[in-house]
Amino acid sequence: MASDLPTARFRPATDFPKTIQSLEREQVEQLYSEMRDCLIFTNRSRAQLTRRNEEYKQSLAVLRDDAARMQGLIQQLSAEKSEILRDRQAVIFELQRELRAMTTHLEGISSAFDEVKDINDPMEVMSIPGKFRKFWKALKALILWWRDNYGGEPALPPTPPRPLPPSLEDDHRENPQMYTDPASIQRSERD
């Protein structure tokens, strides 16, 4: 039946007669029943629409808040990224500056060393004091630059720690022959 479909319950007002005077009681009751069903369905639909509309408004408000929060986070991340990039660029610039300074000092000392590398005798140093002075100045400039930038003497490679001498008990355990062999005992007494 067509009236069982939800859309069939929505009927325009022109489908209903303007007056019921020409209708019989049975037709009036049927018309009244149809109008009542239509009104009930319309009221239900209206209430559902109102409820859905409120839900959508609330969802939209939540989404707008989320979008605003996300936009704020994006701006914050963008600012942090810009700050990180500035910091990295500053570090790169500083490293480039230090590398140029170190290269200049090393080139200066290398050039000065080339002039004095063949000197093997202190008398030769006295015969060409200008070249040796140039080497000494380049070396001094490098050391002073290092101290100013790194706060101390240039770091030398670490020397391995010297092993501790074994204790008397360890030595007894590891070398028992030294304490029982007469020749070894006499040698240790002489030492």
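The structure we're discussing is the one just above.
These remarks concern the structure in this document.

### So, the overall build of the protein chain
- Helix and strand content of the protein chain: 7 helices and 0 strands.
- Ordered by position from the N terminus, the helices and strands of the protein chain form the series α-α-α-α-α-α-α.
- A burial count over the protein chain gives 8% of its 191 residues as buried.
- Surface summary for the protein chain: the accessible area is close to 16,900 Å², and the carbon and sulfur share equals 58%.

### Quick notes on the pattern of salt bridges
- Going through the model one piece at a time under the given rule, you end up with 5 salt bridges.
- Note that Arg25 is salt-bridged to Glu29, the shortest N-O span being 3.4 Å. A residue pair is termed a helical-turn pair when its members lie 3 or 4 positions apart in one helix, as Arg25 and Glu29 do in helix H2 (residues 25–116) at 4 residues.
- Overall, Arg25 belongs to the exposed group, its relative accessible area being 66%.

### Describing the packing of aromatic side chains
- If you walk through the whole model with that rule in mind, you get 1 aromatic pair.
- Aromatic side chains Trp145 and Trp146 sit 6.3 Å apart centroid to centroid with 65 degrees between the ring planes, which places their arrangement in the edge-to-face category.
- What makes Trp145 buried here is its relative accessible area of 11%.
- In this structure Trp146 comes out as partly exposed when scored by relative accessible area, which is 24%.

### Some points on the nonpolar core
- The biggest cluster of nonpolar side chains holds 8 residues, and these are Ile109, Ala112, Val116, Ile119, Phe135, Ala138, Leu142 and Trp145.
- With 4 residues, the top contributor of residues to this core is helix H4 (residues 129–150).
- Setting aside residues up to four positions removed in sequence, Val116 forms contacts with Lys131, Phe132 and Phe135.

### Description of a nonpolar patch on the surface
- Among the surface-exposed residues, Met70, Leu73 and Ile74 lie close enough to one another that they form a single nonpolar patch of about 280 Å² accessible area.
- You can see Met70 is positioned in helix H2.

What counts as what
Residue positions are counted from 1 within each chain, in the order its sequence is given. This being a predicted model, a pLDDT of at least 70 is required before a residue's local features are given, and a value of 80 or more before pairs of side-chain atoms are given or counted; all residues contribute to the totals for chains, interfaces and linings. Each side-chain value is derived from all of the structure's non-hydrogen atoms; neither hydrogens nor water enter the calculation. The secondary structure listing takes helices from DSSP runs of H or I that are at least 4 residues long and strands from runs of E that are at least 2 residues long, numbered from the N terminus. A 1.4 Å probe rolled over the protein chains alone gives each residue an accessible area, and that area as a share of the maximum for its type sets the label: buried under 20%, exposed over 50%, partly exposed in between. Where accessible areas are quoted, they stem from the Shrake-Rupley method and a 1.4 Å probe; at the residue level, only the protein chains shown are allowed to cover. We count a salt bridge whenever a side-chain nitrogen from Lys or Arg sits within 4 Å of a carboxyl oxygen from Asp or Glu. Note on aromatic contacts: the rings of Phe and Tyr and the six-membered ring of Trp form a pair at centre separations within 6.5 Å, being stacked when their planes are under 30 degrees apart, edge-to-face when over 60 apart, and tilted otherwise. Residue types Ala, Val, Leu, Ile, Met, Phe, Trp, Tyr and Cys, when buried and joined through side-chain atoms within 4.5 Å, form a set referred to as a nonpolar core. Any pair of residues with heavy atoms lying within 4.5 Å of one another is described as a contacting pair. The residues that make up patches have over 30% relative accessible area and no salt bridge, and they are joined within 9 Å when like-charged or within 5 Å when they are Val, Leu, Ile, Met, Phe, Trp or Tyr.

Any link to function would need more than the numbers given here.
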